[in-house]
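Residues per chain, in single letters:
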Amino acid sequence: MNARKPIIAGNWKMYKTVTESVTAARRLRELLASPPPVEVIVAPPFVSIAPVADAFQGSGLQVAGQNLFWETEGAFTGEVSGDMLVSAGCSHVIVGHSERRHLFGETDAHVHKKVGAALACGLVPIMCVGETDAERDQEQTFSVLDKQMGNGLHSLTAAQVEGLVIAYEPVWAIGTGNTATDSQAQEVHAFLRAWIGKKFGDALANTIRILYGGSVKPDNVRGLMAMPDIDGALVGGASLDPTSFEKLVCF
Ligand code: PEP
């Protein structure tokens, strides 16, 4: 393992009522009474953020939003601002998840505004990038990632990017059970780290954390985490059950 502190983040997507979220959060807290040296983050649905943050109070477990809007307030029915996430107890926010990009039409330009809005209110953005199956087949993986990174981080300074986490989530691996192999994921993580190095310098490239996401499970997490450029995981399905998530955290 490298010197960067790993992050294991669970994305609960649109699963769990408030009651179910609190039950899972309390169980996770019990299971992680002596947590390993890993940052643990859970991203519940919006309505469960405050009660989950309450259940985690004093435990070191952190809470993320699954999305935010870039404006600070206004007539934007159905949207949630960064300050609202902070006030509900979030430290992080997922930005540009592939489900947002592909099901809700989020573009790189939206992702860029969301990253800026998150940073402006002190949230750590977890910016997701990743290619589709067709793009990988057409050998466009690196050009797609280059574009997503360039547009998403456009005009940001190294000091701002320091406050960011990147998540490589190949779209073909999300929720499909088809995880990238350790070496496929490592190849892309190395590319992303080199990309950061070229744009923002080696010091930042060496410290920024790049998570892998896409069908990570207790039985494949170790191999992925052994790769030199993989600093953690963003986990969907396998984060819903506290017992399974605890196994991921204690890989
Ligand atoms: C995700 O939602 O970010 C994700 C990676 O999902 P899954 O682990 O279910 O593939």
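Residues numbered from 1 in each chain as written. Predicted model: local features only at pLDDT ≥ 70, side-chain atom pairs only at ≥ 80, totals over all residues. Heavy atoms only, no water.

A. Layout of the nonpolar core. With 65 residues, the main nonpolar core has M127, M149, L153, I166, L192, I196 and Y212 as its most contacted residues. Element by element, the count of residues in this core is highest for helix α9 (residues 182–200), at 6 residues. Not counting residues within four places of it along the chain, the set of residues in contact with M149 comprises M127, V129, H154, I166, L192, W195 and I196. The next biggest cluster of nonpolar side chains, apart from the first, holds 12 residues, and it includes I7, A64, I94 and I126. (Core = buried A, V, L, I, M, F, W, Y, C linked by side-chain atoms within 4.5 Å. Buried < 20%, exposed > 50% of the residue type's maximum accessible area, 1.4 Å probe, protein only. Helix = DSSP H or I, 4+ residues; strand = E, 2+ residues; numbered from the N terminus. Contact = heavy atoms within 4.5 Å.)

B. The environment of G65, seen in detail. Here G65 shows up in strand β3 (residues 62–65). Sequence-wise, G65 and W12 are 53 residues apart; in three dimensions their C-alpha atoms are separated by 10 Å. Ignoring anything within four residues of it in the chain, the contact list for G65 reads A43, I49, L85, C90, H92, V93 and I94.

C. Molecular detail of the pairing of strand β2 (residues 39–43). Of all 5 residues in β2, 5 are buried, a share of seventy percent or more. Every second residue of β2 is oriented toward a common face, with E39, I41 and A43 on one face and V40 and V42 on the other, all of them buried. Judged from the 5 bridges that link them, strand β1 (residues 7–11) and β2 form a sheet pairing that is parallel. Bridged to G10 within β2 is V42. Chirality of the crossover, the property in question, places the unit of β1, helix α1 (residues 18–31) and β2 among those that are right-handed. Both β2 and β3 contribute to a ladder of 2 bridges, which runs parallel. (Pairing = 2+ DSSP bridges. Right-handed = clockwise from strand over helix to strand, strands pointing away.)

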